[in-house]
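Chain by chain, the residues run as shown.
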Amino acid sequence: PLWLKASEALQPRGPAPRPPKSAQMSGAAASIEEALRARKEEFRAARREVLAGRKAVKEAQGYCRASRRGFVSAQKRRRAQQLSLRVATGHLELCRKKGWSLEGARKRLAAARQRLKEGQAVEAEARRTLRSARSDRTAAALAAGRAIARRDRAHGRIKVQALKLRQARAAIASDAARKTRLQALQAKHATQRRELATKHREASRQLEERLKQEVSGFKRKASFEAQEQASKRRQRATTYSASLRSGEPMHADKFHRTGASAVSAKAEDPDFSGRLSVLRPRGQRHEYTLIYLHQFCLNGTNYVDWKPHYFFSSTKLPYLSLKVALPTAKAIPITVHEGMKQYAWYDYKTDYEGQREDELESRSLRETRDRIFQILDREIALLGGDASRVFLGGASQGCCTALHCAMQYPRVLGGFVGIVGHLLSCSPLPQKKKHLPIYLYNGKADMVMRWSWVRATYSRFKDAGFTDVHIHVEEGVTHEKPVRKEREWILDFLSKMIPKQSTRG
């Protein structure tokens, strides 16, 4: 029949289409997944080395403290024996002057000399033991540092491998979606062929030609889209891998970095004491300023060199109108660390190991407050005197210091962000600051500033009538390294403080 011949004529001719590469892509994803498991195993081994290194450092510190106590005790005994020797010498001279018998005085003097000699020997041994303990402590700290570096490198390799795995899986899903759409299109064409089989042969030929062109165009478009997506994936993987190898963080090109920087420093161990690092938006004037204080023993260059992405997100928070000032604390002797100099906003007089708030040295805190006040005055002046466009914040000891300064600064700022810190007992809570937006972020697994006593310091805000205090406490977050949380919390604060119309994608 005519309709059967027309149907046969409408069937596609030529070679069969090539099978999709789903099997090959699945095999690639499996190999990437296997490599990712190997990287994770390397990271677990490195993490075990870090835990062992920290344990060794803690044991070395304990042994060092015990050696120090033994040395101080030996010194005290030696001084007491010297005093006993002077007393015995004086008694001998008195016996000579009085004409008394010298035998007992001489025996007493000889015994005192013998005890002094033994005490000096004990003191010398204690001094050698203390030196050895300090050397062991230093060696353990260096070994722990190397283990941490190995762990961080392993973590970076895991992140790169995980990105490749996500891209492979996305490619498989995209290929399957294109295949499904193509099958649906082909089914639609088959239905149209059956409906038009009874029509004239010329009309059938024209329809077949049009359908072939449609399929060809779809395949060309799908091929172009697949190539474009693959190119974007390769480019992102290359950029991300290059940033990990070079140490240059993501989004560093969005800011102009000025001031102190470890990357541009010529010395191997540069001194950043009291210096200022700044991230400025490229291509425009800033409309807002965030002054952010680092943690104890760290410095502001860490954020400028390695963490500028903490203050920018191209997909979530493209705040190109924000300037970030990152001062570094001065290197001051820390009393509780036997006078060792550290980058610190104030001096610690005690170390209660996270059980409760440590005692601080007020003079060092006042000096830091005066310095932060000067930075605030300068930044407010640069924004035309508008203090509501200047924010203050910090992490750990930097949070405590910044909150203290925000409460004592004469003007009301635009907002405050504090991460894994607390309110100092000596910080006042003036009534004119009770409407200041305050955002506080802590972890329940924090063993340095434990939530059990930190929340009691925050309760002072409620007692003082503060109306705009927001406290966020998250399970499983520690003090030492809240992975991705510091950036997440900073961006959460900025999204609430900076209006949408002041941003530019």
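See the structure shown above.
Read on for an overview of the structure. Nothing here was measured: the structure is a model prediction, and the numbers come from that model.

1. A closer look at the sheet that holds strand S1 (residues 255-259)
- Taken together, the eight strands give an open sheet; going across it, the order is S1-S2-S4-S3-S9-S10-S11-S12, and neighbouring strands pair in mixed fashion. Looking at the sheet topology across the chains shown, the edges are occupied by S1 and strand S12 (469-474). Taken over all neighbouring pairs, the strand axes of this sheet differ in orientation by 15° on average, direction set aside.
- As paired strands, strand S3 (residues 288-293) and strand S4 (residues 322-327) are joined by four bridges and run parallel to one another. Of the residues in S4, the one forming a bridge with threonine 289 is lysine 323.

2. Section: helix H9 (residues 485-497)
- Taking 1.5 Å of rise per residue, the 13 residues of H9 would be expected to cover 18 Å, and the 18 Å separating its terminal C-alpha atoms lies within 8% of that figure.
- Listing the buried residues of H9 in full gives Lys485, Glu486, Trp489, Ile490, Leu491, Phe493, Leu494 and Met497.

3. Remarks on the packing of aromatic side chains
- Applying the stated criterion to the full structure yields 13 aromatic pairs.
- Their ring planes at 80° and their centres at 5.4 Å tell us that phenylalanine 296 and tyrosine 348 sit as a pair that is edge-to-face. One end of the pair, phenylalanine 296, is in the loop between S3 and helix H5 (301-306); the other, tyrosine 348, is in strand S7 (residues 347-348), with 52 residues separating them in the sequence.
- Relative to tyrosine 348, the ring of tyrosine 346 lies with its centre 5.4 Å away and its plane at 70°, an arrangement referred to as edge-to-face. Note on accessibility: tyrosine 346 and tyrosine 348 belong to one class, buried.
- Through a chain of ring-to-ring contacts, the aromatic side chains of Tyr288, Phe391, Tyr439 and Phe493 assemble into a single cluster.
- Lying over the aromatic face of tyrosine 303, lysine 307 brings its terminal NZ or CZ to 5.3 Å of the ring centre.
- The ring of tyrosine 352 is capped by arginine 356, whose NZ or CZ atom sits 3.7 Å from the centre of that ring.

Cut-offs used in this document
Residues numbered from 1 in each chain as written. Predicted model: local features only at pLDDT ≥ 70, side-chain atom pairs only at ≥ 80, totals over all residues. Heavy atoms only, no water. Pairing = 2+ DSSP bridges. Helix = DSSP H or I, 4+ residues; strand = E, 2+ residues; numbered from the N terminus. Axes fitted to C-alpha atoms, helices over the stretch in contact; angles between N-to-C directions. Expected span 1.5 Å × (residues − 1). Buried < 20%, exposed > 50% of the residue type's maximum accessible area, 1.4 Å probe, protein only. Phe/Tyr/Trp six-rings, centres within 6.5 Å; stacked < 30°, edge-to-face > 60°. Lys NZ or Arg CZ within 6 Å of the ring centre and 35° of its normal.

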